[in-house]
Amino acid sequence: MAALLLLALLTSNQGSGLEAKVRSIIAKSGAEVAVAYRTLDGKSELLIDADKPFHAASTMKVPVMIELFRQAEAGALKLDDPLPIRNEFRSIVDGSPYKLSEGDDSDSEVYAKVGKTMTLRELNEAMITVSSNFATNLLIDKLDVEEIKATVKRLGADGMKVLRGVEDTKAFEKGLNNETTARGLLVLFEKLARGEAVSPSADREMIDVLKRQKFRDAIPAGLPAGTPVAHKTGSITRIQHDAGIVYGPRPYVLVVLVRGIQDGNVSKALIADISRAVWESTTQP
């Protein structure tokens, strides 16, 4: 009994020390920051403003991927099905058409395929690894946003709210935006890590895609070189997020949402500092 009480005290002190360190990092930044961290063994966690809503930016692409794999698992489609590439979408405000601009996107490959086809698997790869907005909108149209919402609800990630595709200017002007909380993303990544989002095999495949993420200057930048991370970033003006599974000696999920810093490099460095503090706390003897 005494040993158990000592272990509980040590765990509590470790968590308390991490929280103080992370809160100090946040205070110095002057930004609004939400953090959700939990080891997959459930023994350590840190929640700071975990239920505060933020613009989701590209983190909303994670539930889009989960819904794609859910429909594939259900036999409604196949990942290698071709999809015609056309650059025309409808605003959720009034159904008026709009197009995406290659200059505002992070990927040119999908634009080069306009008038041709790409497989759903290829579009998903572009959506996650290089955060293609064009691929995202094509997949949302294919999957149906209401189905994505239903899957998010089923998984218990209530803080994640997917209303629409990307670059719907009329919706943005009316405040109709995709939102997330740190807790919502924590739930989604925990489900993926445990093979409970769709199925163990589908979730492993999704994690492999997330591990191929090209943007590695936030959470991964605070980790020892070569540490595997299955994660998804998201950024718009004064918004910078990163969320994912860190495969260290004690694997964990970490979500950091940042609002209020104009310079993206500064906000990425802030996320890396928090990531480093969490790694050190989780891996110390």
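Let us look at the structure shown here. (Residues numbered from 1 in each chain as written. Predicted model: local features only at pLDDT ≥ 70, side-chain atom pairs only at ≥ 80, totals over all residues. Heavy atoms only, no water.)

Some points on the pattern of salt bridges
Then, in step 1: What the rule picks out here adds up to 21 salt bridges.
Then, in step 2: Of the charged contacts in the structure, one is a salt bridge between Glu280 and Lys21, with a shortest N-O distance of 3.2 Å. Residue Glu280 is found in helix 9 (residues 264–283), and its partner Lys21 is found in helix 1 (residues 2–29); the two are separated by 259 residues along the sequence.
Then, in step 3: Glu280 sits in the partly exposed class, given a relative accessible area of 37%.
Then, in step 4: The class of Lys21 is partly exposed, set by a relative accessible area of 42%.
Then, in step 5: For Glu88, the salt bridge identified is with Arg90, shortest N-O distance 3.2 Å.
Then, in step 6: Residue Glu88 is classed as partly exposed on the basis of its relative accessible area of 39%.
Then, in step 7: Within the structure, one salt-bridge network assembled from shared partners comprises Glu32, Asp49, Lys52 and Arg259. (Salt bridge = Lys/Arg side-chain N within 4 Å of Asp/Glu carboxyl O. Helix = DSSP H or I, 4+ residues; strand = E, 2+ residues; numbered from the N terminus. Buried < 20%, exposed > 50% of the residue type's maximum accessible area, 1.4 Å probe, protein only.)

Describing the sheet that holds strand 11 (residues 252–259)
Then, in step 1: Taken in spatial order, the five strands of this open sheet run 2-1-11-10-9, and their pairing is antiparallel. Only two strands of the sheet have a single partner each, and these edge strands are strand 2 (45–48) and strand 9 (229–236). In this sheet, adjacent strand axes meet at a mean angle of 10° when their direction is disregarded.
Then, in step 2: Bridging between strand 1 (residues 32–39) and strand 2 involves four bridges; their strand directions are antiparallel. Bridging from a neighbouring strand, Tyr37 pairs with Leu46 of strand 2.
Then, in step 3: Relative to strand 11, helix 9 is tilted by about 150°, and along the sheet it contacts strand 1, strand 10 (239–246) and strand 11. (Pairing = 2+ DSSP bridges. Axes fitted to C-alpha atoms, helices over the stretch in contact; angles between N-to-C directions. Contact = heavy atoms within 4.5 Å.)

Some words on the side chain of Thr151
Then, in step 1: Mapped onto the elements of the fold, Thr151 is located in helix 5 (residues 145–154).
Then, in step 2: With relative accessibility at 4%, the residue Thr151 sits in the buried group.
Then, in step 3: Of the polar contacts made by the side chain of Thr151, one reaches the side chain of Glu67; its length is 2.4 Å.
Then, in step 4: In this structure, Thr151 is in contact with Ile66, Glu67 and Arg70, ignoring residues within four places of it in sequence. (Polar contact = N/O pair within 3.5 Å; in protein donor to acceptor, adjacent residues only side chain to side chain.)

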